[in-house]
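So the chains spell out like this:
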Amino acid sequence: MKKLSLLVIFALIVSVAIGKSNTSKEYNYGKRGQFVTARASYIMWDDISGFLPAASIEGIYGFSCNPWFMVGGGIGVTYSHFPKHITSMGESRSAIRVPIYVHLRTNILDRRVSPFVALNLGGGVHKGYIPLGYSNPEVENDFHIFAYAEPQIGVALRLKGGRMVDIGASVPLCNLDAGLKFGVGFTW
């Protein structure tokens, strides 16, 4: 019985040692190094009269430090549409926002499907119509600089070669404006 117990203990030690030596990968999914992300989004800006529609495209370039943390810089273009019932002129108006930001992202798991949390911080420029409200006057063709923050949560599906598809929801904050943003991104 003693010999059998020693043999079982020896087998366990050998199997653990072999298991550890076969884990030559640093991690299973993701890719350490440079990455590029392209993202398309739909935004509903919160306004005094309800939600205003907007569409956004973004590009992010950065570095994946490990399977859990990515850092980079991004730039986007957001087109906002203001229906005629919101403007005092009785005509539809539009505006363009260009946020420029630092992108910080954490993948929660080292798995093929992983939830993630991201934060974009920076600023940008706005050109176009600004509706009356939130202590600002209605402006037809304004140009101004704004502060920008965007916390985001979502789920990523990691593909081969460090590629990834993700869907997420976020809350873009531009000075006093806020909204709900739903986006789809592709990383390579």
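Within each chain, residues carry numbers counting from 1 in the order of the written sequence. Restriction of local features to residues with pLDDT of at least 70 applies here, the model being predicted, together with a cutoff of 80 or more for giving and counting side-chain atom pairs; totals for whole chains, interfaces and linings are based on all residues. Hydrogens and water are ignored here; the side-chain numbers use all heavy atoms of the structure.

Relative to the assigned elements, Arg97 resides in strand β4 (residues 93–107). Within 3.5 Å is the distance limit for a polar contact, defined as a pair of N or O atoms, with the added protein rule that one can donate a hydrogen and the other accept it, and that residues adjacent in sequence qualify only through two side-chain atoms. Separated by 2.7 Å, the side chains of Arg97 and Asp177 make a polar contact. Whether two residues touch is decided by their heavy atoms; if any such pair falls within 4.5 Å, the residues are in contact. If we skip the residues at most four places from it in the chain, Arg97 touches Trp45, Gly76, Val77, Thr78, Val125, His126, Phe146, Cys174 and Asp177. Secondary structure elements are defined from DSSP: runs of H or I of at least 4 residues count as helices, runs of E of at least 2 residues count as strands, and each element is numbered from the N terminus.

Turning to the pairing of strand β7 (residues 164–170), a few remarks are in order. Here β7 shows a buried face lined by Met164, Asp166, Gly168 and Ser170 and an unburied face lined by Val165, Ile167 and Ala169. Judged from the seven bridges that link them, strand β6 (residues 139–158) and β7 form a sheet pairing that is antiparallel. Considered in β7, the bridge of Ile153 is made with Ala169. Hairpin connection from β6 to β7: five residues lie between these consecutive antiparallel strands, with Gly161 at a positive phi of about 70°. A strand pair is defined by DSSP finding two or more bridges across the two strands. The pairing of β7 with strand β9 (residues 177–187) spans seven bridges and is antiparallel. Within β9, the residue paired with Ser170 across the bridge is Lys181. Only protein chains enter the accessibility calculation, which uses a 1.4 Å probe. A residue is then buried if its area is under 20% of the maximum for its type, exposed if over 50%, and partly exposed in between.

It is worth spelling out empty space enclosed by the protein at this point. The way it works is a 1 Å grid over only the protein atoms, where trapped points that fit a 1.4 Å probe form a cavity and open points with protein on both sides within 12 Å along at least five of seven lines form a pocket, and then any residue with an atom within 4 Å of a point lines it. Grid points are joined across faces, edges and corners, and a volume is the space filled by probe spheres set on the points. This model, assessed by the stated rule, comprises two cavities of 30 Å³ or more. In this structure, the second largest cavity encloses a volume near 80 Å³. Surrounding the second largest cavity, 14 residues form its lining, Ile43, Thr78, Pro99, Tyr148 and Lys181 being those nearest its centre. Elements represented by at least two residues in the lining of the second largest cavity include exactly β1 (33–47), β2 (50–64), β3 (69–82), β4 and β6. For the lining of the second largest cavity, the element with the highest residue contribution is β3, accounting for three residues. Under the grouping applied here, Gly and all other residues not named as nonpolar or charged are polar, the nonpolar ones being Ala, Val, Leu, Ile, Met, Phe, Trp, Tyr, Cys and Pro and the charged ones Asp, Glu, Lys and Arg. Split into classes, the residues belonging to the lining of the second largest cavity amount to eight nonpolar, three polar and three charged.

Distances and angles like these do not, on their own, reveal function.
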